[in-house]
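# Structural features, examined
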Amino acid sequence: MFQLFGKGDKTAAAVAETKASAAGRVMAWSSQGRVAWTSRDTVSLTQAGFTGNPIGFRAVKLIAEAAASVPLNLQDAERRYDTHPVISLLSRPNGGQGRAELLEALFGQLLLTGNAYLEAVGDEGLPVELHVLRSDRVRLVPGSDGWPVAYEYSVSGRKHRFDVQGGLSPVCHIKSFHPQDDHYGFSPIQAAASAIDVHNAASGWSKALLDNAARPSGAIVYKGADAQSQLSQDQYDRLLNEMETHHQGARNAGRPMLLEGGLDWKPMGFSPSDMEFQKTKEAAAREIAIAFGVPPMLLGIPGDATYANYQEANRAFYRLTVLPLATRVTSAIADWLSDFTGEQVELRPDLDQIPALSIERDAQWRRVSDASFLTSAEKRNLLGLPSLEVGDEG
């Protein structure tokens, strides 16, 4: 509240003013040197952590490509199928994508946003085509009971609504676990957001170092006679021209410098704080890799000795990251497609065709085969096989 005085009026009139902004009371004054963090919305995090960060980009590509290339088996409780309408649909999900391209886009959306949406195209029965929807364009519409009743897809100012009718949804929504959200998932890139900001800031600092010569290789110090410590303008211009002509550029690399009287060369290098800055960048890169579940050794990050060799790191990568992700997503897709067909089938990774797990699978097959106290059906169940062999009649 403040007072306004009329012009030439001796009486003060009290006027009450109401703030226009409801958020005005919680606004904070900005100050110099304040830490600037990337916004935590999906678009900003994707730009900072994927399109603008090599570690995040490579981690997402590595996981998505590996998970999309995992061989899949379609089976039910009795048999494994060589040919099936679901297999044909996944082999050619739409006119512009094959199975690997579709699944890579689906896994990429899940890693970057915590949510993945798959659209079914068709009128009745099994869908004719499958399409991956951009997660940042999809909004879930909850009903009065909290369950989704529709999905809205917004692009270029237009919205398309996918209604969930009778429990049959035209959109398969796959989400990561989020402890504080009922409808949307939590992505690894959100957990690594602070490390991504640190890594990007360190890269920007290194770029500025190169552009602005923030740390020169050395300095020429002038010690003149008669307490004169400053070059004349002609001397300065001549020295600068000599440096640019005879001592800069690739063709002059290694050429000795001839200094006249009063000039002395003082070499300069990185300070200990500059070296610690590089270690901070490496630590941030390691945190990004850990958030995504990629062993730092696979990304070429130095200083990581968790695994004895690359083969062990690759095996752990498949066991701890790729297979759990591929199993969860393919199971969700199989359950969703089963709603259309009325036939319950399972999609699961074929572990015997993954080279990184060949040693483990050989040992498991050997142990199960040598177990004489197990029946044939029990052995097949332990190996993840259906009760009937391929080609057997039920």
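What comes next concerns the included structure. (Residues numbered from 1 in each chain as written. Predicted model: local features only at pLDDT ≥ 70, side-chain atom pairs only at ≥ 80, totals over all residues. Heavy atoms only, no water.)

### A few points about the overall build of the chain
- Looking only at helices and strands, the chain has 11 helices and 13 strands in total.
- Residues counted as buried form 33% of the 394 residues belonging to the chain.
- Contacts spanning at least 24 positions in sequence make up 59% of the contacts within the chain whose residues lie at least 6 apart.
- Accessible surface, the chain: about 24400 Å² in total, of which carbon and sulfur atoms supply 53%. (Helix = DSSP H or I, 4+ residues; strand = E, 2+ residues; numbered from the N terminus. Buried < 20%, exposed > 50% of the residue type's maximum accessible area, 1.4 Å probe, protein only. Contact = heavy atoms within 4.5 Å. Areas by Shrake-Rupley, 256 points an atom, 1.4 Å probe, with all protein chains shown as cover.)

### Examining the packing of helix α2 (residues 54-68) against helix α9 (residues 310-341)
- The N-to-C vectors of α2 and α9 enclose an angle of 65°; their axes lie 9 Å apart at closest approach. Taken together, the axis directions place α2 and α9 in an arrangement best described as roughly perpendicular. Read as a crossing pair, α2 and α9 show a hand that is right-handed. Where α2 approaches α9, its residues L62, I63, A66 and A67 are matched on the opposing element by F317, Y318, T321, V322, L325 and A326.
- Tallied by class, the residues present in the contact of α2 with α9 amount to nine nonpolar, one polar and no charged. (Axes fitted to C-alpha atoms, helices over the stretch in contact; angles between N-to-C directions. Parallel < 35°, antiparallel > 145°, perpendicular 65-115°, else oblique. Left-handed = near helix turned anticlockwise from the far one by under 90°. Nonpolar A, V, L, I, M, F, W, Y, C, P; charged D, E, K, R; others polar.)

### Regarding the sheet that holds strand β7 (residues 138-142)
- Reading across from one edge, β7-β8-β9 is the order of the three strands in this open sheet, with antiparallel pairing throughout. Only two strands of the sheet have a single neighbouring strand rather than two, namely β7 and β9 (158-163). The sheet shows a mean angle of 25° between the axes of neighbouring strands, taken without regard to direction.
- Both strand β8 (residues 148-155) and β9 contribute to a ladder of six bridges, which runs antiparallel. Within β9, the residue paired with A150 across the bridge is D163. (Pairing = 2+ DSSP bridges.)

### Some words on the nonpolar core
- Counting residues in each nonpolar core, the largest one holds 62 residues, and the members touching the most others are F107, V294 and F317.
- Counting residues per element, this core draws most heavily on α9, at 13 residues.
- When neighbours within four sequence positions are excluded, V294 is seen to be in contact with A59, L62, I63, A289, L299 and F317.
- Core analysis: the second largest hydrophobic core is formed by eight residues, L133, V138, L140 and V171 among them. (Core = buried A, V, L, I, M, F, W, Y, C linked by side-chain atoms within 4.5 Å.)

### Observations regarding unusual backbone geometry
- Even without glycine at this site, S156 takes up a positive phi of about 55°.
- Summarising the element assignment, S156 is placed in the loop between β8 and β9.

### Some details on the sheet that holds strand β13 (residues 346-349)
- Strands sit in the order β4-β3-β13 across an open sheet of three strands; the sheet is antiparallel. Among the strands making up the open sheet, the edge pair consists of β4 (80-81) and β13.
- Taken together, the two bridges between strand β3 (residues 72-75) and β4 define a ladder with antiparallel strand orientation. Paired with L74 across the strands is Y81, a residue of β4.
- Strand contacts of α9: β3 and β13, with the helix running at about 165° to β13, the strand carrying the most contacts.

### Concerning the packing of aromatic side chains
- Evaluated as defined, the whole model comprises four aromatic pairs.
- Between F50 and F57, the aromatic rings sit 5.1 Å apart at their centres with planes inclined by 45°, giving tilted as the arrangement.
- Summarising the aromatic geometry, the rings of Y117 and Y151 are spaced 6.0 Å apart at their centres and angled 70° between planes, so their arrangement reads as edge-to-face. Here Y117 is found in strand β5 (residues 115-121), whereas its partner Y151 is found in strand β8, with 34 residues between them in sequence.
- Overall, Y117 belongs to the buried group, its relative accessible area being 0%.
- The exposure class of Y151 is buried, given its relative accessible area of 6%. (Phe/Tyr/Trp six-rings, centres within 6.5 Å; stacked < 30°, edge-to-face > 60°.)

### As for α2
- If you check α2, its first and last C-alpha atoms are 21 Å apart, about what 15 residues at 1.5 Å a residue would give, namely 21 Å.
- Buried within α2 are the following residues: I55, G56, A59, V60, L62, I63, A64, A66, A67 and A68.
- Near the N-terminus of α2, the side chain that reaches the backbone nitrogen of I55, with its oxygen 3.0 Å away, is that of N53. (Expected span 1.5 Å × (residues − 1). Polar contact = N/O pair within 3.5 Å; in protein donor to acceptor, adjacent residues only side chain to side chain.)

### Concerning helix α4 (residues 99-113)
- For α4, which comprises 15 residues, the first-to-last C-alpha distance of 21 Å matches the rise-based estimate of 21 Å (1.5 Å per residue) to within 8%.
- Every buried residue belonging to α4 is among L102, L103, L106, F107, G108, Q109, L110, L111, L112 and T113, and all of these are buried.
- Following α4 by one or two positions, G114 has its phi on the positive side, about 85°.

### With respect to the pairing of β8
- Here β7 runs beside β8; their pairing, made up of five bridges, is antiparallel. Looking across to β8, one finds that P142 is bridged to P148.
- The hairpin turn running from β7 into β8, its antiparallel successor, is five residues long, and G146 in that turn takes a positive phi close to 95°.

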